[in-house]
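An overview of the molecular structure
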Amino acid sequence: MTDKPIEEPTPQESLDPENWDEFRAQARHMLDAAIDRLQDARQGRVWTELPGEIKETLKAPLPREGWGVPDVMGRMEALLPYGAGNTNPRFFGWVHGSGTPANLLAEIAASAMNANVGGRDHGAIYVEKQVVRWCRELFDFPDTASGIVVSGTSIATIIAVKVARDTRLNFLSRKDGICGHGLVGYTSTETHSCVARAFDLLGLGTDALRKIPANDRFEIDMDALKAAIAADREAGLTPFIVIGTAGTVNVGAIDPLEELADLAAEESMWFHIDGAFGSLGVLSDRVKDRLTGVKRADSLAFDFHKWLHVNYDAGFALIREEKLHRAAFTDRPDYLTAKERGLAGGNPWPVEYGPELSRGFRALKVWAQIAEFGTDRLGRMIERNCYQASYLGEQVEKTPGLELLAPVALNICCFRYTEPGLSDAVLDAMNDEIVIQLQEQGSAAPSTTRLKGRLAIRVNITNHRTARADLDILLEEVQRVAASPEVAAVRDAAIRDAG
Ligand SMILES: *Cc1c(COP(=O)(O)O)cnc(C)c1O
């Protein structure tokens, strides 16, 4: 020990700007660049690959000396045009929401607060609680229901299946694990892969998820489901969950949710619904009658970032019984003890409803989106997309050389280009190339899937900017590209390969 006083390095330094006026000007510039980008969202190419030179600059070594605001801001601005294209009205790939300029403001406010919404008593917590109440109301869940804002349906599904799993095993599984209980669950072959991932992550194993065949409308076959449950019971296993989908990822099919709810009740099984995008159809008069079973679920996973156009990312796990939800996650060590008063109040904390402790303020952009637009207007966006998909399906059926591959159930239209006398393998290769050409040429961005063994051009419309004219352009482009030398070359190569 010495008597030397402790001395800090000088001068005192922080990460705040040295000149706030300069920072203000820089921030205003970035805000303008962001708004310019959004104002032009309808124009230009849908997707553009990131240029090689920007890819190179993104491989720079770890900076020891910071580059400073102007340099970093310039690089961020340069990145703005190179999104996936989901802000463009002719983005039709996978299931992407199109976002709103309004949400930019919520992101700024949330970033300024820099709230950690794992718990404690502060403003953000009350906003999230309001979002939970609104979600209950939206889906007609009881006052006993709880929920948590998460990154998306994948995580929401893990949370819901964990509550189902632990409920079945009286929460002893949290300590003892699940070995030897023979838990099995049921869903259709059309269900999103996130459900099998949840089974994997929760130690149930993907084999414990029985994939029941779907009918011609891509809905779960109820007879096959009942037979599978009976066979598993016969074998001494423990059926514990049935998972229905409101809006399947391939074609937008809605499982018979009321029948699934009845069956789950008869069999004393948990009823979970993957309603990632389709469950929001409750906001459309055209769709809602097919979703009456949603309110009967024990749990529902859905996204705000798809059909409610909240900027990425935001999803939700809604659980019918708060006490089960909390019992599956609660864990309050000494340093997280609940208090009646002070900053450690505000109980229960979000950390008791999910696996994350530190979590951002996603709830603000969700709250702002719903508050600003209201559910009627958001519902009109959903309904229009459904009409658009029906229109596209109708046009496909009228167009020689195009073939509809699934009935249009909601907002997705799957079709393909065909020529007489060509095998499915050759047509698959051609349609694959057509989609890649459309994406690379920047005119539209559908994606592909396989339906009953055939490759489909898949057009998903979860886009508030899409107009009917965009669908007409898409159809013209598909036909133009189908007749191009590039696609002919792919066809000829595929024929040679087959022969
Ligand atoms: C998108 C989607 C998911 C996965 O949701 P994420 O938000 O991407 O995690 C699950 N199910 C369906 C039906 C989907 O469309």
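Quick caveat, the model's predicted, so the values are computed rather than measured.

Topic: the pattern of salt bridges
A complete count under the given rule lists 27 salt bridges for this structure. K175 is paired through a salt bridge with D176; the nearest N and O atoms lie 3.8 Å apart. Each member of the pair, K175 as well as D176, carries the same accessibility label: exposed. Among the ionic pairs, R450 bridges to D428, the shortest N-O distance being 2.6 Å. Here the residue R450 occupies a position in strand β10 (residues 447–451), and D428 occupies one in helix α13 (residues 424–441), the gap between them amounting to 22 residues. Put simply, E322, R326, R332 and E352 are held in one network by salt bridges that share partners.

Describing the pairing of strand β2 (residues 183–188)
Counting buried positions over the 6 residues of β2 gives 6, a clear majority of the element. Residues of β2 alternate between two faces, with L183, G185 and T187 on one and V184, Y186 and S188 on the opposite face, all of them buried. Sheet topology note: the β2/strand β4 (residues 238–245) ladder contains 4 bridges and is parallel. Paired with L183 across the strands is T238, a residue of β4. Both β2 and strand β3 (residues 209–212) contribute to a ladder of 4 bridges, which runs parallel. What sits directly across from G185, in β3, is L209. Each parallel crossover has a hand, and the one from β2 via helix α8 (residues 193–201) to β3 is right-handed.

A look at the packing of helix α12 (residues 362–398) against helix α14 (residues 468–482)
At their nearest, the axes of α12 and α14 sit 10 Å apart, and the two run at 30° to each other. With respect to the hand of their crossing, α12 and α14 are arranged in right-handed fashion. On α14, the residues that touch Q388, Y391, L392, Q395 and V396 of α12 are R468, L471, D472, L474 and L475.

Section: the sheet that holds strand β11 (residues 454–460)
Sheet architecture is open: 4 strands sit in the order β8-β9-β11-β10, paired in antiparallel fashion. The open sheet terminates on both sides in strands that have one partner only, identified here as β8 (402–404) and β10. Across this sheet, the average inter-strand angle for adjacent strands is 45°, counted without regard to direction. Bridge analysis of β8 against strand β9 (residues 412–417) gives 3 bridges, and the strand direction is antiparallel. In the strand pairing of β9, E403 is matched with R416. Set on the sheet, α12 makes contact with β8, β9 and β11; between it and β9 the angle comes to about 20°.

About the cut-offs
- Residues numbered from 1 in each chain as written.
- Predicted model: local features only at pLDDT ≥ 70, side-chain atom pairs only at ≥ 80, totals over all residues.
- Heavy atoms only, no water.
- Salt bridge = Lys/Arg side-chain N within 4 Å of Asp/Glu carboxyl O.
- Buried < 20%, exposed > 50% of the residue type's maximum accessible area, 1.4 Å probe, protein only.
- Helix = DSSP H or I, 4+ residues; strand = E, 2+ residues; numbered from the N terminus.
- Pairing = 2+ DSSP bridges.
- Right-handed = clockwise from strand over helix to strand, strands pointing away.
- Axes fitted to C-alpha atoms, helices over the stretch in contact; angles between N-to-C directions.
- Left-handed = near helix turned anticlockwise from the far one by under 90°.
- Contact = heavy atoms within 4.5 Å.

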